Amino acid sequence: MASPNKENGEKLIATNPLARADYFIDEVVEAGLVLTGTEVKSLRAQAPNLRDSFVEVQTYKKGFQAWLVNTHIGPYSHGNIWNHAALRRRKLLLHAHQLEKLYGAVIQKGMTIVPMRMYFKNGRAKIELGVGKGKKKYDKRETLKKKAIERDMEIDRKRS
């Protein structure tokens with residue numbers, strides 16, 4: 001866990017290291033989370049697992065709803081019978097125009113919505129969502145080659 005960021009009141013809870021490695025991220029959106037009390041206490045005590053999680057956008061009445069699926073938030077140690085289920089679906093709080101845009105990206109363009117990082121912002125749990133396309137194996141290799149070249153160039157600059 002990182003220390004709080006003084007400028008904007010953010011405290012990092014967890015990141016998804018595979019998000020940028022496995023996807024070309026085109027757009028980043030911030031969303032709120034609907035959590036129970038024991039989930040919030042558990043987030044403050046331990047980090048959740050975002051690796052296998054994804055976002056589903058569904059039609060609901062006349063609009064849309066977004067759900068965070070497959071995110072593991074461990075049970076709170078003092079939660080007793082009111083503890084939450086670790087892998088339950090959690091509703092995301094987004095504006096209607098954001099939901100429409102995300103739904104269009106998923107349905108028409110074949111994009112995927114992946115959680116990138118989770119943090120507290122002014123005491124409220126937020127999640128940063130990345131909208132992007134999945135990388136193929138050869139794309140991942142190209143990314144690694146570019147990183148290695150940039151690293152070598154940086155080392156050469158420091159030496160000279």
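The following paragraphs examine the structure supplied in this document. Note that the coordinates shown come from a computational prediction; the quantities given were computed from them, not determined experimentally. (Residues numbered from 1 in each chain as written. Predicted model: local features only at pLDDT ≥ 70, side-chain atom pairs only at ≥ 80, totals over all residues. Heavy atoms only, no water.)

Our focus in this paragraph is the overall build of the chain. The number of helices and strands found in the chain is four helices and seven strands. Oriented by its inertia axes, the alpha-carbon framework of the chain measures out at about 60 × 40 × 30 Å. Taken over 160 residues, the chain has a buried fraction of 34%. Sequence separation of 24 or more characterises 67% of the internal contacts of the chain that already satisfy a separation of 6 or more. (Helix = DSSP H or I, 4+ residues; strand = E, 2+ residues; numbered from the N terminus. Buried < 20%, exposed > 50% of the residue type's maximum accessible area, 1.4 Å probe, protein only. Contact = heavy atoms within 4.5 Å.)

Another point: the packing of aromatic side chains. Within this structure, the stated rule accounts for one aromatic pair. Its guanidinium or amino end placed over the ring of Phe120, Arg44 lies 4.2 Å from that ring's centre, counting from NZ or CZ. Above the ring of Tyr119, the side-chain terminus of Arg117 is found at 4.3 Å from the ring centroid. (Phe/Tyr/Trp six-rings, centres within 6.5 Å; stacked < 30°, edge-to-face > 60°. Lys NZ or Arg CZ within 6 Å of the ring centre and 35° of its normal.)

Turning next to the environment of Phe120. Of note, Phe120 is situated in strand β6 (residues 112-121). As a C-alpha pair, Phe120 and Leu12 span 108 residues in sequence and 6.5 Å in three-dimensional space. When neighbours within four sequence positions are excluded, Phe120 is seen to be in contact with Gly9, Glu10, Lys11, Ile13, Val40, Leu43, Arg44 and Ala125.

What follows deals with the environment of Ile149. When you line up the elements, Ile149 lands in helix α4 (residues 137-159). A relative accessible area of 52% places Ile149 in the exposed class. In sequence terms Ile149 and Thr112 are 37 residues apart; their C-alpha atoms lie 29 Å from each other.

Worth remembering: the numbers are spatial, not functional.
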